[in-house]
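A closer look at the structure
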Amino acid sequence: MADAKHALNRDPILDGDDPFLDASDIERLMLGEAAPAAPAAPAARQTAPEAERGSRRFGAGSQPGHDEFTDSYQSEAPAAVPQTQDALEAEFADLQDEFMASQAAIPAGEALIGEIDRDIADQPVPRITIAAFCERPETGALVHNAAGDRRLAKAHVGVELGGLPAAIERYHDATTPNLLIVESGMRGQGLFEQLEELASVCDPETKVIIIGAANDIALYRELMKRGVSEYLVPPMTPLHLIRSISDLFLDPEQPFAGKSIAFIGAKGGVGSSTVAHNCAWSLSEGLQTDAVLVDLDLSFGTAGLDFNQDPAQTLGDALNEPDRLDDALLDRLLVRCTERLSLFSAPATLDRDWEFSPSEYEMVLEKVRRQAPFVALDLPHLWMPWVRDTLLSADQVVVTVTPDLASLRNAKNLFDLIAGARPNDELPKVVVNMAGMPKRPEIPVKDFADALGTQPALVLPFEPQLFGKAANNGQMIHELDPKSKAADGFAHLAGLVTGRAAAPLRKRSIVSKLFGG
């Protein structure tokens, strides 16, 4: 009977009819034009007997013994003065622009309010349903902005106005989602009464995040005792909210995922693979941490040549049967280039057409990320759905260019795509390669910076003898000439993409080499 009841009372948020599909729909719904304003809980609704009031808890982890309201919460917060329709419309019209402008105004490299530690890899949220009921349009805009982030790409998020009363009414006869986000400015007995009523309609597995108005530790503790999963207080950013969600749904069996760094060239022949290989080597050696380099150019990849490796099994074998790829098999497929750097080599053959779906690439790369704190992705210069998805889902992006017009145009297109799809992430790092080539007219670096909106992270001079010799010898630049500017540049880039300062690499003496030091 319960299943039939839920089927008859379909929830548009859970069933995919999310009204927040574009900005105009968001505005209309938040202004009450597309749907009636969320009503208060109906008077005819059956509630718990007075003797049982205070016993309702969220989830299975709540703590008993708090049936009476704490005296300190008997008084209500002052009720907000309702805004006129015109005032609300004018406020919401500027909310998204103001929010995005405030994020863009924060200098690159500085932490946002509530931003996660850059040393902690971002964990993607699994395929869950999330419903948010907000009191203020600006909170709804923030949740909607978070919903478009790559970390919530698998989750389905719905946003409505109405706060706690709207949430109670919605789930009176409907199945609750995996996560409820509810905004309430109340602090007194009325808040606990409404939360108690919400708990009575929530499924046991539903987690609840409350967005409040006061940074009150006593209120926080009381909410935790009542089974609320998290209590957040503005000001906050989308990343703050995303991290809170991720922490609630992180898989305890696989809590670790390394930070992925995608390298792509603005056009063919700019040296993106060289930058990727040397950066991966520098971060593993300079940071003294494990890393995996994945050569995704299946037909023409050069990572095996650059590291003087010729493995019998390659990335192509993993993509052929991604379902069979486990930690033991992956460990056999990876080749040790150094003590800390492993290589997932490309087949680099033309014997077959390497056609795999984006989901197969995603499955393999997710398993690779479980192997090391950092994963460098050497992307080929081609545009296919799997390349786009891999680029947009990476934690960091490095775009390599040469100082010419084609690179500038293509880099600008990449920047526009990445910035639009990843509003809560840093802009890509830009590497200007082969600068100062004799007799070649070049676009000034300043023009690149002005067009892309960011200064290049690294400018590598044109040194054909050094780079050519390293490639032919199967060596990295630092191994061939540790005192070169290019070697210092790759160490600098490794520090930037990881958010850590690389330790200076010491040149090994003849004695230490003889005795394995």
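Residues numbered from 1 in each chain as written. Predicted model: local features only at pLDDT ≥ 70, side-chain atom pairs only at ≥ 80, totals over all residues. Heavy atoms only, no water.

Re the overall build of the chain
Helices and strands together make up the secondary structure of the chain, namely 20 helices and 13 strands. Per-residue burial over the chain gives 47% buried out of 517 residues. Taken as a whole, the chain presents about 25100 Å² of accessible surface, with 52% of it coming from carbon and sulfur. (Helix = DSSP H or I, 4+ residues; strand = E, 2+ residues; numbered from the N terminus. Buried < 20%, exposed > 50% of the residue type's maximum accessible area, 1.4 Å probe, protein only. Areas by Shrake-Rupley, 256 points an atom, 1.4 Å probe, with all protein chains shown as cover.)

Brief notes about the sheet that holds strand 3 (residues 179-183)
On the basis of which strands lie adjacent, the open sheet formed by five strands has the order 2-1-3-4-5 and parallel pairing. Because the sheet does not close on itself, it has two edges, and the strands there are strand 2 (156-161) and strand 5 (230-232). Pairwise comparison of adjacent strand axes, ignoring direction, gives a mean angle of 15° for this sheet. Sheet topology places strand 4 (residues 207-211) next to strand 5; three bridges connect them, and they run parallel. Note that in strand 5 the partner of Ile211 across the bridge is Leu232. (Pairing = 2+ DSSP bridges. Axes fitted to C-alpha atoms, helices over the stretch in contact; angles between N-to-C directions.)

Considerations on the nonpolar core
Counting 45 residues, the largest nonpolar core has Val294, Phe344 and Val399 as the members making the most contacts within it. Each residue touching Val399, except ones within four places of it in the same chain, is listed here: Ile264, Ala266, Ala411, Leu414, Phe415, Pro428, Lys429, Val430 and Val431. Listed in part, the 34 residues of the second largest apolar core include Leu283, Ala303, Leu343 and Leu493. (Core = buried A, V, L, I, M, F, W, Y, C linked by side-chain atoms within 4.5 Å. Contact = heavy atoms within 4.5 Å.)

Comments concerning the confidence of the model for the chain
Residues of the chain with pLDDT of at least 70 account for 72%, and the chain-wide mean is 78. Counted against residues more than four places away or in other chains, residues 25-55, with its pLDDT under 50, gives 54 contacts. (pLDDT = per-residue confidence, 0-100.)

Things to note about the packing of helix 14 (residues 385-393) against helix 15 (residues 405-421)
Remark: helix 14 packs on helix 15, axes separated minimally by 10 Å, with the N-to-C direction vectors making an angle of 60°. Taken together, the axes of helix 14 and helix 15 lie oblique to each other. Note that helix 14 runs across helix 15; the crossing there is right-handed. Each of Arg388, Leu391 and Leu392 in helix 14 lies in contact with helix 15, whose residues at this interface are Leu414, Leu417, Ile418 and Ala421. Classifying every residue of the contact of helix 14 with helix 15 gives six nonpolar, no polar and one charged. (Parallel < 35°, antiparallel > 145°, perpendicular 65-115°, else oblique. Left-handed = near helix turned anticlockwise from the far one by under 90°. Nonpolar A, V, L, I, M, F, W, Y, C, P; charged D, E, K, R; others polar.)

Side note on the pairing of strand 12 (residues 429-435)
Successive residues of a regular strand alternate their side chains across the two faces of the sheet. Burial analysis of strand 12 places six of its seven residues in the buried class, which makes it a mostly covered element. Pairing of strand 11 (residues 396-401) with strand 12, which is carried by four bridges, proceeds in the parallel orientation. The residue bridging Val399 from the neighbouring strand is Val430, located in strand 12. Bridging between strand 12 and strand 13 (residues 458-461) involves three bridges; their strand directions are parallel. If you follow Val431 over to strand 13, its bridge partner there is Leu458.

As for the packing of aromatic side chains
Throughout the structure, instances matching the rule amount to five aromatic pairs. Pairing Phe133 with Tyr171 gives two aromatic rings, centres 5.9 Å apart and planes at 85°, and the pair type is edge-to-face. In this pair, Phe133 sits in strand 1 (residues 129-134) while Tyr171 sits in the loop between helix 5 (163-170) and strand 3, placing the two residues 38 residues apart along the sequence. Exposure remark for Tyr171: the relative accessible area of 1% places this residue in the buried category. For the ring pair Phe467 and Phe490, a centre distance of 6.4 Å and an interplane angle of 70° mean the geometry is edge-to-face. (Phe/Tyr/Trp six-rings, centres within 6.5 Å; stacked < 30°, edge-to-face > 60°.)

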